[in-house]
Every structure is written in structure tokens, then in C-alpha cells.
Amino acid sequence: MRLRYNYRACPDAAQRRALARAFGCARVVWNDCLRDRKEAYAAGLPYVKSADLSRLRITQAKHTDERAWLSDVSAVVLQQSLRDLDTACKNFFDSVKGKRQGRKVGPPRYKSKKDTRQSIRLNTNAFSLQDDGTVYVAKVGNLKAKWSRRLPAAPTSLTVTKDSCGRYFLSFVVDTEPDILPELETDAGIDLGLSAFAVLSDGRKIDSPRFLRRAEKKLKRPGRELSRKVKGSKNRAKARIKVARQHAKVADRRRDWHHKVSTQIIRDNQAVFVEDLAVSGLGRTRLAKSVHDAGWSAFVGMLEYKAVKHGRTFARAGRAFPSSQVCSACGFRDGPKPLHVRQWTCGQCGAVHDRDHNAARNVLFEGRRIVAAGRAETPNASWSAGKTRTKVPAQRLEAGSPRKGQPAQAGIPGL
């Protein structure tokens, strides 16, 4: 399986300028190639192939006065930018044709130098690990990195990222073997919520840290200072970085906490079952801030890939499964209940239930049923399941543009 390892990079002034050139050249190649394909589509011409774009927008463009500065960066950066565009187009076409599962993906969009996140992608021809602990990047130099842990194997690709607050990250993709943990007899159903972040089927409750709510006081003053600055001024740029740093701290704390909790759950249970929540829909309600502060999607994604990594069983209960309406003791469906009802009594058997605990038990039973039906990945999965499910790629967001307007990304900083 492939895993992604992220490390903080510390480039000097000259290296930051070289990375800025690389970010800009990759962005220009993306925009030029995307413009050619859009113009060809508008004119009714055939789809422009990657080979033609590479020859026209990279090789020949270097010999023109308008794009001569493309030679200042590694050719691998430019070619990988074109490959990312091909991936984005393929994701869009597959989504339109129904070949791609999950949320609908919109067509690729143009990139801007004002985007808060810039990145370039390299293969092994353009980077190498040095004996002194630095990472050599072609036409950038040896970058210092903070090695928080060792890489388990030689990396196959590298993504250099600059986030909204000016931090640089080195993201390595590594091919490793799964780290199978000893088998256990326990399994857990998880009900995610807001009052308690998670309630397990055995009755344990994990309190919600509410990182964003706790940091709102620290975010108020930088936000007010930012609103007073003149748009386009240098002072506004400095104030924006201060706000971005505070938000980055909140995101880092949340991500670190998600990793610790998900790792503990995977280590303590042989099988983990969760409910497939409509997070995007809940994010448009009056509970939007609390929903996004909880970070359910990121947490469930961590549970899923760590289950594959450690040889555990993972399954999602269907989104339409009535976990809060069914009595976990007798199976009687008692109907929907408003959110303020936290305890209820079954009208059939008279059992008194805690809403969240009852839902977690129902998710556990539904997960066991899914596993018994053979629709979940298990260590003893069939040959076809192994072909379709066990090959988990390194975590990264799709190269296409989501329909809701979120920017396209090529890595997950801080993982």
C-alpha cells in the first residue's frame, strides 16, 4: 500500500525564490494547457492530447520570448503539472459518465498566483535524499527538513507545498507493506455527534475538543485588524498571514487529535463500523460551524486507511440506516425523534435508551450484517475484493475541481 509522509521544510531566502518560480511556472503550464483544451472544445475541435500540449506549451514555449523563463525550473515540474491536468480532466469525464463513485467533480479551473496554497510535484528524477539529512530538489537546492520520523522505504514521489501562512512542507509517497496487528475479539460501532464527538457501542464516550470554538477569542483580534486594512496593501497581507497562522494552529491541533483517537480505536478493535454521514448537507445548516469544527470526514478517512494498514475490518452503515429510530434491544422501529431528545423509552419492550449509545449499538449490528453479507473489506476477503479494495493509494484530494467551488489540491499537509 502507499502512504504519504509529511515533513516541515525550512528553505532559505534563495530557495524560497526558486520555489516561487517553480510554483509560478507550473501554474502557467496548467493554465495554458487548460485554455487550449477549452478553446478547442468551444470551437468543436477534437480533444487536445497531452503529447501535443507538451510539445507546444512546454518544449516550444521555452524558445519564445513570452515563456523563455520556463527554462529556469526543472522540466519535471512542468510535465507533472500537465499530468495533474490530465488527471483532473479524467476525473471530470468519469464523473459525468457515471464511472466515478462519490461526489460529482466539476471541470478543472484556472489557477491564480493569489491562491493561498501553491504546490509542485516531482518524481525520483528531480529529487533525492542526501546523507546530511537534506532533500535535493532540482534547480532549488538542498532543502532542510524536520524529520519527525524515519521514512519506512525509499519515496517514489515528492510534493512541495506552501500553505496559506507561508509554511513549506515536503510530502513523500512511499510504497510499504501493511503493518498487521495481532487479532482481537472486540469490535466497535461508532456514532458521531456534536455534544460528544463519538460514542462507542460499549458505552465509552469521547468528548469533543471543539478546537475552533476554544480559539475564537484569539481569532477575533486578528480578524478585526484584517478588516481595517486597505485591500491590496502590504499591511493587509501581513494581517492576513496572522489570521492564517491562527487557523493553521487550530487545524493542526484537530488533525493531531484525530490521528491519536483513530489510532487508538483501530488498535483496540478488530472491526470498526461507522455511519455514513451527509457532512456536506449538514454543513449548510445552522450547525455548520460545529459540524466543520468536529471534522467527521477527516476522522472517518483516517479510520478507513488505518484499518487497511493494520489488517482491521472497516465498514460504513448506509446513510439511510435509521440508527436513532430502532431499539437496539428488540429491533422495534420507534420513529424519528428531534435532536433535543437524548433519552427515550422503547414502546415495544420498554427499554430505556441513551440516544447516542443506542445508535452506536445499531451501527455495530448493521456493520456485522454488512460484513456477513460480504460487502466490507476484511483480512480474509475474496480475490476480487482484494483487487478492488485493498490497494489504498496515498491520501490526497482529487486533482479535479469539486462542484461546490473548493480549490483543487494535490496533497494533505500535516498528515
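Here the structure is a predicted model, which is why all the values come from computation and not from measurement. (Residues numbered from 1 in each chain as written. Predicted model: local features only at pLDDT ≥ 70, side-chain atom pairs only at ≥ 80, totals over all residues. Heavy atoms only, no water.)

### Focus on empty space enclosed by the protein
Gaps between atoms show up when a probe of the same size as a water molecule is rolled over them. Overall, the coordinates contain two cavities of 30 Å³ or more when judged by the stated rule. Taken as a whole, the largest cavity encloses approximately 40 Å³ of empty space. Contributing to the lining of the largest cavity are Ala18, Ala22, Asp72, Val73, Ser74, Val77, Ile120, Ala138, Lys139 and Val140. Tallied by class, residues from the lining of the largest cavity come to seven nonpolar, one polar and two charged. In this structure, the second largest cavity occupies an estimated 30 Å³ of space. If you go around the second largest cavity, the residues you meet are Phe197, Ser208, Pro209, Arg210, Phe211, Arg254, Trp257, His258, Asp293 and Ala294. Where the lining of the second largest cavity is concerned, the elements lending two or more residues are α6 (234–268) and α8 (288–294). The element that contributes the greatest number of residues to the lining of the second largest cavity is α6, accounting for three residues. (1 Å grid on protein atoms, 1.4 Å probe; cavity = no way out; pocket = protein on both sides within 12 Å on 5 of 7 lines; lining within 4 Å. Points joined across faces, edges and corners; volume = space filled by probe spheres on them. Nonpolar A, V, L, I, M, F, W, Y, C, P; charged D, E, K, R; others polar. Helix = DSSP H or I, 4+ residues; strand = E, 2+ residues; numbered from the N terminus.)

### Concerning helix α2 (residues 50–59)
Restricting attention to buried positions, one finds in α2 the residues Leu53, Ser54 and Ile58. All buried residues of α2 lie within an arc of 100° about the axis, which places them on one face of the element. Among the structural elements, α1 (13–42) and α3 (75–97) are those in contact with the buried residues of α2. (Buried < 20%, exposed > 50% of the residue type's maximum accessible area, 1.4 Å probe, protein only. Arc of directions from axis to C-beta. Contact = heavy atoms within 4.5 Å.)

### Comments concerning the pattern of salt bridges
For the structure on display, the rule yields 22 salt bridges. Its salt-bridge partner being Asp163, residue Arg167 comes within 2.7 Å of it at the nearest N-O pair. Asp163 carries the same exposure label as Arg167, and that label is buried. Ionic pairing is found between Glu216 and Arg213, a salt bridge with its closest N-O pair at 3.7 Å. Glu216 gets classed as partly exposed once you look at its relative accessible area, which sits at 24%. Note on Arg213: relative accessible area 36%, which makes it partly exposed. (Salt bridge = Lys/Arg side-chain N within 4 Å of Asp/Glu carboxyl O.)

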